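Commentary on secondary and tertiary structure
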Amino acid sequence: MKRCLLLLSCLDISVWSMAQETSVPAEQEPSDIQRVVAVKDVCAWPNLTLMKDGSIVAVLHNKPSHGQMEGDVECWASKDGTGWEKRSVITQHEPDTIRMNHAAGLAKNGDLIVLCSGWTNVKQPERPKQDPFRDAVLSNWVMRSSDGGRTWTKSVAFPGTDAGWSHHIPFGDIWVGEDGALHTSCYRGKLASPEKSFKIASYESWYFRSEDDCRTWKAVSIIGPKHNETDIFPLGGKRWMAAARIDAMELFISEDNGVTWSSPQRVTARNEINGHLMRLKDGRLVLSYGVRVQGQRGVRAKFSSDEGKTWSAPIRVMRSDEGDCGYPASVQRADGKIVTAYYSRKAPEHDGYHMGVAIWAPPAEKK
């Protein structure tokens, strides 16, 4: 065991050294970009939803901790991405728990919907007490708002899991498909030794579907057999794309509304993780993703003009002073500018956990 730990330590040092010694090429930045500190003292992991009136809603975790203190998810709103106001605390966590992991979007009837799980700090009967707020994953709550995120109703009607696995953890966007169903992704972890600890041995990400506008959900298929946080995106008809995290970002394609998925296409380098997919008004796809590489930390974005077959060189959206950063989510305003939300523990704009927002003009499409 000690030898394994030593090997891991040596590997980490080797990777860090190579990152230090490797020269970083000059990066293109948007010619028109504005960055704002939107919400202070939150770890955030933001999800953005473009509302039908053109306003933007952010669902975010409300504590300045990487998931190790009691807390909830909140709803914040902005008319253009520059100024933000708090609309509500979406969840009301139970004592000694945290509500933090979430997926969000619009239901078929226009309601704002959020799936939210989290962690408990309560010792579980089958194993010893774990690290703070790492005793077990909580099952999902299904949250729904018919007034733009100001008030919420809660349902606990979400599928359970199998023995030896964590509950499903939501991530990314919720979409209405052309088939009228709702589509999203969750992931779960297989426990290495459930009677001893909550240590995760492996992950898998799943495609979920709702036939009744978010009232009940069904696990349909595995997207990534070794992947965790996964964002899905509708390409049109029965075609879907999924951006799944492993040690980098990998893309999967479904041609049959999520019943089956292709082999993975790797689209970022190691430690360029937690991606989000969107489509510009000109038809291009945008993949924004966090970067936790020494000397390059922050958020980047790539563009595809051929439905994800090939991608452009990355552009820089923001820089972070620490590796505890990323988790971008993006929408496009009516004027064509992209609004990208992210989090960082420390950035040039603010020293401390915060949700930052970049408002930027995408580069012109190359003909």
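Our subject in this report is the structure included herewith. (Residues numbered from 1 in each chain as written. Predicted model: local features only at pLDDT ≥ 70, side-chain atom pairs only at ≥ 80, totals over all residues. Heavy atoms only, no water.)

A few words on the overall build of the protein. Of the regular secondary structure elements, the protein holds one helix and 24 strands. A compact globule built from 367 residues should have a C-alpha radius of gyration of about 21 Å, and the protein, at 20 Å, falls within 12% of that. In terms of overall dimensions, the protein has a C-alpha envelope of 60 × 55 × 40 Å along the principal axes. Buried positions account for 54% of the 367 residues belonging to the protein. Contacts in the protein between residues far apart in sequence, at least 24 positions, make up 50% of those at least 6 positions apart. As displayed, the protein offers around 16,000 Å² of accessible surface, 52% of which is attributable to carbon and sulfur atoms. Positive and negative side-chain charges of the protein, numbering 47 and 45 respectively, have mean locations separated by a distance of 2 Å. (Helix = DSSP H or I, 4+ residues; strand = E, 2+ residues; numbered from the N terminus. Rg over C-alpha atoms; globule rule 2.2 N^0.38 Å. Buried < 20%, exposed > 50% of the residue type's maximum accessible area, 1.4 Å probe, protein only. Contact = heavy atoms within 4.5 Å. Areas by Shrake-Rupley, 256 points an atom, 1.4 Å probe, with all protein chains shown as cover. Lys, Arg positive; Asp, Glu negative; His and termini not counted. Charge placed at Lys NZ, Arg CZ, Asp CG, Glu CD.)

We now examine the sheet that holds strand S3 (residues 56-61). If you walk across this open sheet you meet the four strands as S2-S3-S4-S5, and the pairing is antiparallel. Each end of this open sheet is capped by a strand with a single partner; those strands are strand S2 (44-50) and strand S5 (85-89). The average angle at which neighbouring strand axes cross in this sheet is 25°, direction not considered. Looking at chain direction, S2 and S3 are connected through five bridges and run antiparallel. Counted as the bridge partner of leucine 48 is alanine 58 from S3. (Pairing = 2+ DSSP bridges. Axes fitted to C-alpha atoms, helices over the stretch in contact; angles between N-to-C directions.)

Strands pair in a sheet through their backbones, by hydrogen bonds, and they do so in one of two ways: parallel or antiparallel. Pairing within the open sheet is mixed, and its eight strands lie in the order S9-S8-S7-S6-S10-S11-S12-S13. Each end of this open sheet is capped by a strand with a single partner; those strands are strand S9 (153-155) and strand S13 (218-224). Taken over all neighbouring pairs, the strand axes of this sheet differ in orientation by 25° on average, direction set aside. When strand S6 (residues 97-106) meets strand S7 (residues 112-120), the two strands line up antiparallel, connected through eight bridges. Bridge assignment links histidine 102 to a residue of S7, and that residue is cysteine 116.

This paragraph deals with the nonpolar core. The tendency in soluble globular proteins is for nonpolar side chains to be buried as a group. Counting residues in hydrophobic clusters, the biggest one holds 34 residues, and the most contacted among them are Leu48, Leu60, Trp84, Met355 and Val357. Take this core: its biggest share by element is four residues, from strand S24 (residues 350-360). Other than its neighbours up to four places away in sequence, leucine 60 contacts Val39, Val42, Ala44, Asp72, Val73, Glu74, Trp76, His102 and Met355. In this structure, Ala77, Val114, Met143 and Trp152 belong to the second largest nonpolar core, which totals 15 residues. (Core = buried A, V, L, I, M, F, W, Y, C linked by side-chain atoms within 4.5 Å.)

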